[in-house]
Protein chains: 2
Amino acid sequence: MIALEAIRQISIASPSKIVMLVIDGLGGLPDPKTGRTELETASTPHLDDLARKSVCGLSDPVSPGITPGSGPGHLALFGYDPVRFAIGRGVLEGLGIGFELRENDVAARGNFCTVDDQGVVTDRRAGRIATDKCAELCGLLSQITLEGSQFFVWPVRDHRFLLVLRGEGLAAEINDTDPQKTGVTPNVASATNPGAKHTADILNQFVRKAKEVLAGHRPSNMILLRGFSRLPDIPSMGETYKLKPAAIARYPMYKGLAKLVGMTIFDADGDIEKALTISADCYDEHDFFFVHVKETDSAGEDGDFNRKVKVIEQVDSALPQLLSLKPAVVIVTGDHSTPALLKGHSWHPVPILLYSQWCRPDKVERFSESACAAGGLGRFPAVDIMPLAMANALKLTKFGA
Amino acid sequence: MIALEAIRQISIASPSKIVMLVIDGLGGLPDPKTGRTELETASTPHLDDLARKSVCGLSDPVSPGITPGSGPGHLALFGYDPVRFAIGRGVLEGLGIGFELRENDVAARGNFCTVDDQGVVTDRRAGRIATDKCAELCGLLSQITLEGSQFFVWPVRDHRFLLVLRGEGLAAEINDTDPQKTGVTPNVASATNPGAKHTADILNQFVRKAKEVLAGHRPSNMILLRGFSRLPDIPSMGETYKLKPAAIARYPMYKGLAKLVGMTIFDADGDIEKALTISADCYDEHDFFFVHVKETDSAGEDGDFNRKVKVIEQVDSALPQLLSLKPAVVIVTGDHSTPALLKGHSWHPVPILLYSQWCRPDKVERFSESACAAGGLGRFPAVDIMPLAMANALKLTKFGA
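Position numbers for residues count from 1 along each chain, tracking the sequence in the order it is written. Each chain gets a letter, beginning with A, and each ligand a number, beginning with 1, in the order they are written. Predicted model: local features are reported for residues with pLDDT of at least 70 only, side-chain atom pairs are reported and counted for 80 or more only, and whole-chain, interface and lining totals are derived from all residues. For side-chain calculations, the full set of non-hydrogen atoms in the structure is used, while hydrogens and water are omitted.

A.B. asks: A description of the sheet that holds strand β8 (residues 245–249) of chain A should follow, citing residues and the corresponding values.
C.D. replies: All names here are of chain A. For two strands to be treated as a pair, DSSP must find no fewer than two bridges joining them. Working definition: helices are DSSP H or I runs of at least four residues, strands are E runs of at least two. Numbering for both runs from the N terminus. Judged by pairing direction, the sheet is mixed, and its eight strands sit side by side in the order β9-β8-β10-β1-β11-β12-β2-β13 without closing on themselves. Strands at the two margins of the open sheet, each flanked by one partner only, are β9 (264–267) and β13 (378–381). Across the sheet, the mean angle separating the axes of adjacent strands is 25 degrees when strand polarity is ignored. Pairing analysis gives four bridges linking strand β11 (residues 329–333) to strand β12 (residues 350–356), with the strands arranged antiparallel. Paired with isoleucine 331 across the two strands is leucine 354, which belongs to β12. Helix α3 (residues 45–53) rests against β2 (55–60), β11 and β12 of the sheet, and its axis sits at about 65 degrees to β12. Note on geometry: axes are C-alpha line fits, over the in-contact stretch for helices, and angles between N-to-C directions span 0 to 180 degrees. Contact between two residues is taken to exist if any of their heavy atoms lie within 4.5 Å; hydrogens are not considered.

A.B. asks: Would you mind going over the environment of proline 186 of chain A in detail, with residue names and values included?
C.D. replies: Residues and elements named next belong to chain A. Positionally, proline 186 belongs in the loop between β6 (160–166) and α7 (197–214). Burial classification: accessible surface area is computed with a 1.4 Å probe over protein chains only, and a residue below 20% of its type maximum counts as buried, one above 50% as exposed, and the rest as partly exposed. By relative accessible area, which is 17% here, proline 186 ends up buried. Placed 58 residues apart in sequence, proline 186 and lysine 244 show a C-alpha to C-alpha distance of 46 Å. In this view, proline 186 contacts Gly119, Val121, Thr177, Pro179, Met222 and Leu224; residues no more than four positions away in its chain are not counted.

A.B. asks: Go over the pairing of β6 of chain A, please, and point to the residues and values.
C.D. replies: All names here are of chain A. Taken across its seven residues, β6 has six buried, putting it largely inside the fold. For strand β3 (residues 106–115) and β6, the ladder comprises six bridges, and the chain directions are antiparallel. Looking at the pairing, alanine 107 lines up with valine 164 of β6. Note that strand β5 (residues 150–157) and β6 share seven bridges and pair antiparallel. If you follow glutamine 150 over to β6, its bridge partner there is arginine 166. Where β5 folds back on β6, the antiparallel hairpin that results is connected by two residues, among which aspartate 158 adopts a positive phi of roughly 55 degrees.

A.B. asks: Account for the relation of the copies chain B and chain A, with residues named and values stated.
C.D. replies: Each copy is superposed on the other by least squares, with the fit set by C-alpha atoms of residues at a pLDDT of at least 70 in both. Structural alignment of chain B on chain A gives an RMSD of 0.2 Å, achieved by rotating through 126 degrees and translating 0.1 Å along the axis. Viewed as a symmetry operation, the transformation between the two copies matches a three-fold axis.

A.B. asks: I'd like a rundown of the pattern of salt bridges, residues and numbers included.
C.D. replies: All names here are of chain B. Here, a salt bridge means any side-chain nitrogen of Lys or Arg that lies within 4 Å of a carboxyl oxygen of Asp or Glu. One pass over the structure, following the stated rule, counts 39 salt bridges over all chains. The salt bridge partner of arginine 366 is aspartate 48, with a shortest N-O separation of 3.4 Å. Of this pair, arginine 366 sits in the loop between β12 (350–356) and α14 (369–372) while aspartate 48 sits in helix α3 (residues 45–52), and the two are 318 residues apart along the sequence. Residue classification places arginine 366 among the partly exposed residues on the basis of a relative accessible area of 29%. Here aspartate 48 falls in the buried class, since its relative accessible area comes to 10%. Across the pair glutamate 100 and lysine 259 runs a salt bridge, and its minimum N-O distance is 2.9 Å. One end of the pair, glutamate 100, is in the loop between α5 (89–96) and β3 (106–115); the other, lysine 259, is in helix α9 (residues 252–260), with 159 residues separating them in the sequence.

A.B. asks: I'd like to hear about the packing of aromatic side chains, residue by residue, with values.
C.D. replies: Think of it this way: a Phe, Tyr or Trp ring, Trp meaning its six-membered ring, pairs with another when their centres are within 6.5 Å, and the plane angle makes it stacked under 30 degrees, edge-to-face over 60, tilted otherwise. Evaluation of the coordinates by the stated rule reveals 15 aromatic pairs over all chains. Judged by centre distance (5.8 Å) and plane angle (85 degrees), the ring pair of tyrosine 80 of chain B and phenylalanine 85 of chain B falls under edge-to-face. Both rings, one in phenylalanine 112 of chain B and one in phenylalanine 161 of chain B, keep their centres 4.8 Å apart while their planes meet at 45 degrees; by these two values the pair is tilted. Separated by 49 residues along the polypeptide, phenylalanine 112 of chain B in strand β3 and phenylalanine 161 of chain B in strand β6 (residues 160–166) bring together distant segments of the chain. Comparing phenylalanine 112 of chain B with phenylalanine 161 of chain B, the two get one shared label, buried. Of the aromatic side chains, those joined through ring pairs into one cluster are Tyr80, Phe85 and Tyr241 of chain A. Any Lys NZ or Arg CZ found within 6 Å of a ring centre and within 35 degrees of that ring's normal is scored as a charge over the ring. Here lysine 17 of chain A stacks its cationic end above the ring of tyrosine 283 of chain A, 4.9 Å away from the centre of that ring.

So this is what it looks like as structure tokens:
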């Protein structure tokens, strides 16, 4: 991994265009019956054809063995060390529901929970109340008046909500009030850094009032907060790479992550074919395109091997229209693996192909986990993908004399 | 490489078991007559069968091109950055002969040497005196009375011995008294850090008295000390991985290294078959097993290609009984290469196979250096093996949200 600062010094603006197609949760595990992964089961003539002209490999989003969340997975793809640029849980929750976080906002993930008469937590999720109920209770909490800070309470899903404090002098160095177990009372919010004392006071005031407001609403008669965080201080892709980057995505989380690094967001409403269509205007005005397909990950998380296969085939069908734009560099990869067999994100390295006129193709004939394992890129950290993309677009000058 | 602190935060205890079989000095170089390495020459049906169900690769213990000692080689396998957690020569000498070093002990490697009437070193190794003679002289040195510290002098081999100081306020920041050349007088022990002045004084007192005691024992009429060191401050595998680790090993060095990271030691007396037998009690009470086979390295160091082949075949024969325990994860690798052709440790990357239900097998059909080079793990640092083992045992939760 080369430092961002070094990249900033050698990157140059140029008209060449880079398309990064991110098939979320792309990597898989073999079906024990066939020995083939989702990608290996899918019929992917266009991806295979592109793989033949490309250099391929397997990449580790964070580090071998590490299962990344969506935040680290995408930051690595955008070239930012996902360990250095950690995104807090509160911020990610905000990005996930499209809340427009500002620079000094402090965000937290909230749970409605159940406490007994002594205030002891008996259910950390209040029986996983319905999202409708959650929205109703968030409405009640929103009526609290708080001294010293503006705040927002937004429902997320089930028992989960987002709390955002906005105001002067706020800090995120606060312990979770969520004790992460039942049979104890919630923790008092306390500053882990002297500068956060004011924020802790505001939070304890909020929790006290929330408890009063929720008193008659058992099982949702208390809240637990965790993952206090602010937007990471991250240099934009414009600064780092001299790119004018665009994101074509449908889900708030990925639009949020793209916005974090300074991308202009274009909504990809509708189906996968639509997602892989970059409008002429967008294409003319930008030189980097992050195109996000979510459905592979959703199918993997649901443990639906066949649906994941189908989604990959849909992506393959739509690929020619993306390639018809003739970008200088095309990358196809994922932000992590989501094997249907594991029903969740996993640590397995992710297949990647990189096509450009200058890519030095290898002998890979198919776009698959096993074929990419023998590719010319080898196995490498995902954070190196952006420098490779930039180099292949002839947007990096020489390092050192 | 991910930081230990990050691993500590995402590791969880679970009943699944990990077996790490370390075939010391496993990697080799091809016999020029056959073009096959020791591992490629050996008949290894069980290892090959396991390799077919596993994901394979080549790992670098420290970094490409770097030949590791046993200390760095094993620390890397246990997941500890061998550059950050350096083991001093004195400490390694102590581990090697089974001396029970305590936290604040200062250990040094000693040589008996020859000095002339002016005190000038004429032979740094006193003509490589026999170990018996060394033991006799260590007995003499042990009778010295020292103010301010308890001490131990243990024979190692030939002219080499171990000196350990034990007491209050000792420090290891001391220059070697060994000048590393002849024709000069030994260096005075001096503190490289003000806190070590007291220790330097004690050492100079010891060296002065040793010279008096040894005066009539030419060629062993003086001592040289180097590698002053203390046990490294290293977090245990329990803390880091939430594991209850066990070591099944025969040689003091490896038992000592395992103890450093908090393993419980089980003696593997007898032959290789015995070494690969994990007792039911041990297996029930632990969830990580470091099984060490030394004989491959010894054969390699002796330049005995055929003996190394035979030892590998013995390990292969004993493998089924290890596998019959059905651990969730099995790793077979070495701590470094010891090609018989080089008669010593080498820098060559080490073959590794990792078997688990979730390993995403590759196309490797044989456990060998050349086959592993095309494996799904690629070529990677050995320090990443533990995170991979933990992930495959489903003992790591997601990194980042």
